[in-house]
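Next come the chains, spelled out residue by residue.
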Amino acid sequence: MEVIIQKNAEAAAQLTAALIGDALRLKPNLVLGLATGRTMERLYGILAEKHQREGLDFSLAVTFNLDEYIGLPAADPNSYRSYMNHYLFNNINIDPRNTHLPNGTAHDLDAGCRDYEETIRDHGGIDLQLLGIGVTGHIGFNEPLSAMRSRTRCKALTPGTIAQNAPQFEKPEDMPKRAITMGVGTILDSRRCIMLVTGESKADIVAKAVEGPITSMISATALQLHERCTVIVDEDAAAKLTQQDYYRWIFQNEPEWEPYR
Ligand code: F6R
């Protein structure tokens, strides 16, 4: 794992966007894993700007989102499909047929989950998986006790996650209590992970995820097992990390990061 501490949320989102842009320029048919949530809103805005101003080309890119609520049709304004259309897909030149999210209204949800895994495999696996972290330590919707080898499946959401996300619903009680999520194993299979975390409300959980013991009680700790995982945090989210000086030293002294300083 490497941890990069940026001054504020804007700088953290800018660096994340720059890394995604680099990956896409290097491999135009990049298979990109995507996340939703408040942390990603600005990042997607920057990616859309890069498309509009710098011609960043998404025409051959393929995307797979981490999760979707069960029971919300794609057209529902609170579905993650609607979120993705609004914040990213409608603002870049991606082919909508290349954008994939789990189907939360499938007649047979388990078969839909198996199909999702198969479609990822058919595309050669995920090159770069973007992640946020929930207050419960989830990645995707892998709530506590998610198996480290879990695959895409239905998952009941914890009260903590419901409290985190319900305010986004006009009627908070309408928030679904279950979701389909890629598994921890699915995420660990991606070739590269970038986790973006901002804000002081995430400082405790990010410290546990990065520096704590690996445990299925905090799914994000599984990223310690990944060979190529970059955690990009702002100073507020980094506040409880004990090795901040070391992480800053590495970022300052590694030649690989030269273009981003
Ligand atoms: C959503 C997802 C979640 C979020 C996490 C943080 O697709 O994967 O793991 O990344 O809940 O959400 P925000 O950014 O709203 O704090």
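Residues numbered from 1 in each chain as written. Predicted model: local features only at pLDDT ≥ 70, side-chain atom pairs only at ≥ 80, totals over all residues. Heavy atoms only, no water.

(A) Expanded view of the sheet that holds strand β5 (residues 99–100). One open sheet holds the seven strands; their spatial order is β1-β10-β9-β6-β2-β3-β5, and the pairing between them is parallel. Edge strands, defined here as strands with exactly one partner in the open sheet, are β1 (2–6) and β5. As paired elements, β1 and strand β10 (residues 229–234) share five bridges and run parallel to each other. Directly across from Ile 4, in β10, lies its bridge partner Ile 232. Where helix α1 (residues 9–26) meets the sheet, its contacts fall on β1, β2 (31–34), β6 (128–131), β9 (192–197) and β10, and the angle it forms with β10 comes to roughly 150°. On top of the sheet, helix α4 (residues 109–122) reaches β3 (62–65) and β5; it is set at about 150° to β3, its chief contact. (Pairing = 2+ DSSP bridges. Helix = DSSP H or I, 4+ residues; strand = E, 2+ residues; numbered from the N terminus. Contact = heavy atoms within 4.5 Å. Axes fitted to C-alpha atoms, helices over the stretch in contact; angles between N-to-C directions.)

(B) Looking closely at unusual backbone geometry. Of note, Leu 145 is a non-glycine position whose phi angle comes to about 75°, a positive value. Locating Leu 145 in the fold gives a position in the loop between β6 and β7 (153–156). Owing to a relative accessible area of 60%, Leu 145 belongs among the exposed residues under this scheme. (Buried < 20%, exposed > 50% of the residue type's maximum accessible area, 1.4 Å probe, protein only.)

(C) Region of interest: the site of the ligand. Close to the ligand lie 14 residues; Thr 36, Thr 39, Asp 67, His 138 and Lys 202 are nearest. His 138 places a side-chain nitrogen or oxygen 2.7 Å from an oxygen atom of the ligand. For the ligand, an oxygen atom lies 2.7 Å from a polar atom in the side chain of Lys 202. In isolation the ligand has 410 Å² of accessible area, and contact with the protein removes 97% of it. Judged by the fraction of its atoms near the pocket grid, the ligand is located in the largest pocket. Taken together, the residues of the shell around the ligand break down into three nonpolar, eight polar and three charged. (Near = heavy atom within 4 Å. Polar contact = N/O pair within 3.5 Å; in protein donor to acceptor, adjacent residues only side chain to side chain. Areas by Shrake-Rupley, 256 points an atom, 1.4 Å probe, with all protein chains shown as cover. 1 Å grid on protein atoms, 1.4 Å probe; cavity = no way out; pocket = protein on both sides within 12 Å on 5 of 7 lines; lining within 4 Å. Sits in = over half its atoms within 2 Å of the grid points. Nonpolar A, V, L, I, M, F, W, Y, C, P; charged D, E, K, R; others polar.)

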